[in-house]
Amino acid sequence: MHKEVKVFCDMEANGGGWTLIQRRENGSVNFQRNWKDYKEGFGDPAGEHWLGNEVVHQLTSRAAYSLRVELQDWEGNEAYAQYEHFQLGSEGQLYRLSLSGYSGSAGHQSSLVLQGTNFSTRDADNDNCLCKCAQMLSAGWWFDACGLSNLNGIYYPARHHVRKLNGIRWHYFQGPGYSLRATRMMMRPVGI
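Residues numbered from 1 in each chain as written. Predicted model: local features only at pLDDT ≥ 70, side-chain atom pairs only at ≥ 80, totals over all residues. Heavy atoms only, no water.

Here is the rule: UniProt positions are given in the numbering used here, feature names are shortened, and annotations may be inferred rather than shown by experiment.
An unreviewed UniProt entry lists the protein chain under the name Angiopoietin-4, with Pteropus vampyrus given as the organism. As its UniProt record puts it under Subcellular location (unreviewed entry), the protein chain is described as follows: "Secreted".

Below you can see the structure in the form of C-alpha cells.
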C-alpha cells in the first residue's frame, strides 16, 4: 500500500534537488509531539513541518542520500551542516540516525552524533541518558545523552531566545543555550 505524501523541494541551495524534512521559521506549528506524530509527520510542507520519520526511512533505505541542515540566528547570521551520507533506520530500529562525511560552516564538528543515535519523544524514551532527554528538553530528536542539538525544541521569539536549554539548539553554531530563529533540514539523493 502506497500513501501519497506532499513535500516541499528546494531547487536553490547548493545545486538544488533537496526535499525538506523539517522547517522552523515562526513558531506557528507545535513540535511538542508524540512518537506517532513524528513517525507520520505534521505541519504544512510549505511552512513549518516535520516530514515524518517513516517516509524518510523508506527513502533512505532505497537509495543513498545526503543531508543538509541550514541554521539562522536572531542576528541574521546563517550557517549550514552537510553530511555526504544520511540514513534513518526502521521504526523497529528506533529510527536510528546514521551520518558521515560532515562539512559546513555550523561548527568545527557536527552537533549531531553521527552513528547509532535513536530517536526519542516524550512518550518513547530511547536516548542514552537516565534523565529522559525528550521530556526534559522537549520535542522529538536524536538526543543521545541530551546532546549538542535539538532543532525541534520550543520556538522562543526574539529577546527571549537566550539561556533556553529546551529551545532550538545547535551547539557548535551558537552554543548550548541559544535558541535559533530558523532551521531547515533537507535531503537529496547522492550524486545530484
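**Remarks on the overall build of the protein chain**
Formally: Helix and strand definitions follow DSSP, with helices as H or I runs of at least four residues and strands as E runs of at least two, each counted in order from the N terminus. Per-residue accessibility, obtained with a 1.4 Å probe over protein chains only, is compared with the maximum for each type, and a residue is labelled buried under 20%, exposed over 50%, and partly exposed between these values. Any pair of residues with heavy atoms lying within 4.5 Å of one another is described as a contacting pair.
Secondary structure assignment for the protein chain yields 4 helices and 11 strands. The buried share of the protein chain, taken over its 192 residues, is 49%. Long-range pairs, those at least 24 residues apart, make up 54% of the contacts in the protein chain between residues at least 6 apart in sequence.

**Digging into the pairing of strand S6 (residues 78–88)**
Quick note on the threshold: Only strands that DSSP links by at least two bridges are regarded as paired with each other.
Where strand S5 (residues 65–72) lies against S6, 7 bridges are found, and the strand directions are antiparallel. Looking at the pairing, Leu-71 lines up with Ala-79 of S6. Count of turn residues in the S5/S6 antiparallel hairpin: 5 residues, of which Gly-76 carries a positive phi of about 90°. The sheet contact formed by S6 and strand S7 (residues 97–104) spans 7 bridges and is antiparallel. Looking at the pairing, Leu-88 lines up with Leu-97 of S7.

**What to know about empty space enclosed by the protein**
We count it as follows: Detection works on a 1 Å grid of protein atoms alone, calling trapped sets that fit a 1.4 Å probe cavities and calling open sets with protein on both sides within 12 Å along at least five of seven lines pockets, with lining residues defined by an atom within 4 Å of a point. Grid points are joined across faces, edges and corners, and a volume is the space filled by probe spheres set on the points. The nonpolar class holds Ala, Val, Leu, Ile, Met, Phe, Trp, Tyr, Cys and Pro. Asp, Glu, Lys and Arg form the charged class, and all remaining residues, Gly among them, are polar.
In total, this model carries 1 cavity of 30 Å³ or more according to the counting rule given. Its volume calculated, the largest cavity comes out at about 30 Å³. Lining the largest cavity, in full, are Ser-111, Leu-112, Val-113, Trp-141, Trp-142, Phe-143, Asp-144, Gly-147, Leu-148 and Ser-149. Tallied by class, the residues present in the lining of the largest cavity amount to 6 nonpolar, 3 polar and 1 charged.

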